[in-house]
Amino acid sequence: MPTGDLVLAMFGSGGDGVVTMGEMMAQAGAKDGLDVMRVEAYGPQIRGGESSCTVRLSSQPIYTQGDQVEVVVVFNWQDFLRFKGELVVAQDAVVLYEESDTTPLEDVGLSLGEDARWIPVPFIALAKEAAGTTLAKNIVTLGILSEAFGVPQALIEKAITHKFSKKKAAVLEANLKGYKAGIEWGVGIKDRVADYYLEYEPGEPRLLMSGNEASAVGALHAGCRFFAGYPITPSSEVLHFLSEWMPKVGGSIIQTEDELAAMGAIIGGSFAGVKSMTATSGPGLALMTEMLGLASMAEIPVVIIDVQRGGPSTGLPTKSEQSDLWQALWGSHGDAPRVVLAPADVEDCFHATVAAFNIAEESQMPVIVLSDQFIAQRRETMSPLTLRHKVVDRVRPTDEELAEGNYQRYAYTESGISPMTWPGIKNGQYQTNGLEHTEDGRPTSMHLVHEKMNQKRYEKLRDVRSRYSYVRKYGAEKADVGILCWGSCKGPVKEAVLRAEAKGHKVSAFVPQVLYPFPQAEFEEYLKTVKNVVVVEISYSAQFYKYLKTFLDMPKDTFVFKRSGGKNLTVSEVEEKIERVLELSAVRKEVLV
Amino acid sequence: MSAVEMIQLKPGDYKTDLKPVWCPGCGDYGVLNALYRSLAKLQIEPWNTVIMSGIGCSSRLPGYVDTYGFNSVHGRALTLATGVKSARPELTVITVGGDGDGMAIGGNHFIHSCRRNMDITYILMHNEIYGLTKGQVAPTTPTGDKTKSTFYGNPEAALDPCELAISTGATWVGRGFSGDMKTLVPLMTEAISHHGFSFLNVMSPCVTFRGDDQFKVMKEKLQNVPEDHDVTSRRAAIYYTREQGVITQGVLYNTQQPSLTDRILELREQTLGDKTPPTTDEIFQAFYPQF
Ligand SMILES: Cc1ncc(C[n+]2csc(CCOP(=O)(O)OP(=O)(O)O)c2C)c(N)n1
Ligand code: SF4
Ligand SMILES: [Mg+2]
């Protein structure tokens, strides 16, 4: 029986075109209205190192890259082995491997079931013969995949034509020949793999973008007209995208000499009245921390996107982790209120970034959007209809407020929010600083003023808390197992909850989008609805669990599932934990009775 | 504002009601006064002007000028100024600060600000010491001098901020002395008027930590740049930065080079021009498969 949901993974070296191949499949799928997710993984090498690309194509909504790879393409077993332990292959998978790679199959570390299909393929020979170059290996493969697995054939051909349209006619022709050769070869295995043939009703074309791109578009939508950044994986795509688009919308962009300068520049830009943003990763955020405190103290709205990656220092720069949480929440000298948001998928990167600007403008404080490599660099289909979001602009003080002697930049107010002017506004001049200051911005070191100003600055969070408490809840109203997680864990957790429910278990999950100010009431309400609590996070030191403990009376027997990054969270990992907790709670009940 | 309505702004109109915290006799008073006069001379609109600073005694200056002002964090003033100017190229942007702030902790930003040649004026108050933290060695302190942090005398070599500015791309470089208003005001006026990154190094004594006689010592070393000095020659300009035993004041270097401020505006003109900017929906179109 054909399938409506297919997961393919391809492995090769830099020059093998693995990622190009994945991108073409993803685009063809998106064009045909499928739900698509494409995830890349690289070794640390800049060029030529091992790379892998996983593509999931589905006629149903999907939330993850797919746990089990069903079709595996291996150009080189050595490259495949470098990703060992990072993905699970289905027991009955189809493994298409390069015929001329003589590595004994018992050495490749893949123990599959009896139904698995190990199929040697002459990728290299076919490419040479049909296209005259081994470089066309990936295109040959696309032919095989489209014929044998139903990856949209006509659209792949269009994608190839589009890709090579700027090259010489001969190059396009050679590639199309390679593609045809792949199709012909694919006919021969079609019957053997019919259970993995993708069958679906084509629909309207879909948007296909990465979390970093979604953040960048979100920023433009929110009215961001100044971006300053310093390159760092895995955040650089934000800088790249905006280097093209920022001037097109009439804004400015600069690549600064370091992250200190990037942070300084956006504070300057925003002080000057223009919505400003930077994007970085953990090491960059560390460098920005002093000026994060400055923005907090001087009450300047800025947005910082932190795309988390694995490990401290250079760590695992190309892989994901959720270990900047504390840095984002508490990293500061002095008491420096800020807001921390956590997008949970690609589309959410758009929403969270727009919300970040709105909050920053309303509350005049820095807002950190805590994304991670897993959502920032994967590409995913989205529906344009949901991409509507209101935009809040800075409010110009009234003439009355600006009349002679009236204007106080840091006036105490009920909400803690004071009138804010910017250059160009006559009679709005003020001199601000990172020193403690009085209502009119004058430096002071008086304890009483400091106390009152701290109170004012923290008071602003109350408004944020009441207005932005967006949380996601999945599963049963009353559950035996309730999962707390954040950010990119949402996808696998949501899918695990849906699967558990399908099996008849009562399971639910709770995912906050606003991490700070802490959505206390929502968490407490949720905890009342679950019997056993499970925390899921990708941080070795369990930063999220410890954060929760500072605000909540977490049950003593809370089950914490935490591990290091470097491998994306999978549905089966979560499912396994759910099963375990269900078993344990059954035992506990027996003992009680 | 039409010319008829224009009110003549006087130096005093640029003052705020905040009293400077500086020690009596500090050189920074002279710099502040020169700034009031230069702003008045150029009739700079206070509401269209931003003065940025880092941290130090000298960095307190923005609080005393009734423009938009920001006394930010140590060493980073130029980064904020770069942001202001990138985001709002039409504003007048002036950065001020100390020699520790600009040459030590902020040295990297200084180099890159010179290189970018944005239309920013940077006024450095050069006192050869860290004033605010009470007298430690600065990158500009002469070798051998005793300071609070060099008990046995400064073991390091000093750098010359003007030399660094000229060699890294600043397009206007001058040196003045806070005890010589007659020279300083025109210099500062010229620096502010310059299109591109202008760097004015003002020798500004710290009477508290460099001794009461720093004014006298500096004044004795003072000489004017010769009238036949070719300000467009980088080599000639460098010559007047490092001479032993003298302080040459005047315009050392003055050229016109493309400024990043212009480039930003040009790019906007090329990509957007008179068109309406794309809507979010139009931007999203770029993410549909393009075949
Ligand atoms: C990150 C950081 N490090 C150190 C300091 C302490 N600090 C404040 S001002 C200063 C040096 C000031 O010297 P300078 O820039 O020459 O200014 P001056 O007081 O001489 O005008 C130092 C080290 C600080 N405020 N921030
Ligand atoms: S310590 Fe020196 S630099 Fe600071 S105010 Fe006093 S004299 Fe001026
Ligand atoms: Mg100094």
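Along each chain, numbering runs from 1 in the same order as the chain's sequence is written. Chain labels run from A onward and ligand labels from 1 onward, assigned in the order the entries are written. Per-residue local features are limited, in this predicted model, to residues with pLDDT of at least 70; the limit for side-chain atom pairs, both in listing and counting, is 80 or more; totals at the level of whole chains, interfaces and linings are taken over all residues. Excluding hydrogens and water, the side-chain values take into account all heavy atoms of the structure.

1. A short note on the nonpolar core
Looking at soluble globular proteins, one finds that nonpolar side chains tend to be buried together. The biggest cluster of nonpolar side chains holds 144 residues, and the ones touching the most others in it are Ile267(A), Met277(A), Ile300(A), Leu484(A), Phe544(A) and Phe199(B). Among the elements that make up this core, the one with the highest residue count is helix H12 (residues 346-363) of chain A (ten residues). Should any heavy atoms of two residues lie within 4.5 Å, those residues are counted as being in contact. In contact with Leu484(A), not counting residues within four places along its chain, are Phe510(A), Phe523(A), Tyr526(A), Leu527(A), Val533(A), Val534(A), Val535(A), Val536(A), Phe544(A), Leu548(A) and Met554(A). The next biggest cluster of nonpolar side chains, apart from the first, holds 71 residues, and it includes Ala30(A), Ala148(A), Leu155(A) and Phe164(A). Among buried residues, those of type Ala, Val, Leu, Ile, Met, Phe, Trp, Tyr and Cys that are joined through side-chain atoms within 4.5 Å constitute a nonpolar core. Summary of the burial criterion: residues with accessible area below 20% of their type's maximum are buried, those above 50% are exposed, and those between are partly exposed, where the area comes from a 1.4 Å probe applied to protein chains only. Helix and strand definitions here come from DSSP, where helices need a minimum of 4 consecutive H or I residues and strands a minimum of 2 consecutive E residues; each element is numbered from the N-terminal end.

2. What about the coordination of the magnesium ion (ligand 3)?
Residues and elements named next belong to chain B. With water omitted from the atoms examined, metal sites may look incomplete; donors here are N, O and S atoms no farther than 2.8 Å from the metal, or 3.2 Å in the case of Na, K and Ca. Those protein atoms acting as donors to the magnesium ion (ligand 3) are Asp-99 (OD), Asn-127 (OD1) and Ile-129 (O), and they sit at 2.2 Å. Summarised as a motif, the one-chain spacing of the donors to the magnesium ion (ligand 3) is D-x27-N-x1-I. Assigned by exposure class, Asn-127 and Ile-129 land together as buried.

3. Some thoughts on the interface of chain B and chain A
Frequently, the measure chosen for interface size is the accessible area that the parts lose on association. Every contact between the two is made by 53 residues of chain B and, on the other side, 68 residues of chain A. Of the roughly 5,000 Å² buried where chain B meets chain A, counting both sides, 67% is carbon and sulfur surface. Here the quantity called buried area is the accessible surface, traced with a 1.4 Å probe, that two parts lose on coming together, added over both. It is Tyr68(B), Phe287(B) and Phe291(B) that lose the most area in chain B upon contact with chain A, and together they represent 18% of the buried surface on that side. A pair is scored as a salt bridge if a Lys or Arg side-chain nitrogen falls within 4 Å of a carboxyl oxygen belonging to Asp or Glu. Salt-bridge contacts for Glu257(A) lead to Arg116(B); the nearest nitrogen and oxygen are separated by 2.6 Å. In the analysis that follows, any N or O atom pair within 3.5 Å is treated as a polar contact, provided that within protein one partner can donate a hydrogen and the other can accept it, and provided that, for residues neighboring in sequence, both atoms belong to side chains. Between the two partners, chain B and chain A, sit 27 residue pairs in polar contact (both at pLDDT 80 or more). Secondary structure elements with two or more residues in the side of chain B that touches chain A: strand E1 (49-53), strand E2 (68-71), helix H2 (77-87), helix H4 (107-116), helix H9 (260-271) and helix H10 (280-285) of chain B. Counting residues per element, the side of chain B that touches chain A draws most heavily on H2(B), which supplies seven residues.

4. Here's the deal with the pairing of strand E3 (residues 50-58) of chain A
Residue and element names in this part refer to chain A. Judged by how many residues are buried, E3 sits mostly within the fold: nine of nine residues are covered. Where burial is concerned, the two faces of E3 agree: the one with Glu-50, Ser-52, Thr-54, Arg-56 and Ser-58 and the one with Ser-51, Cys-53, Val-55 and Leu-57 are both buried. At least two DSSP bridges between two strands are needed for those strands to be called paired. Pairing between strand E1 (residues 5-13) and E3: nine bridges, direction antiparallel. The residue bridging Ser-13 from the neighbouring strand is Glu-50, located in E3. As defined by bridge partners, strand E2 (residues 35-42) adjoins E3 across eight bridges and the pair is classed as antiparallel. Paired with Asp-35 across the bridge in E3 is Ser-58.

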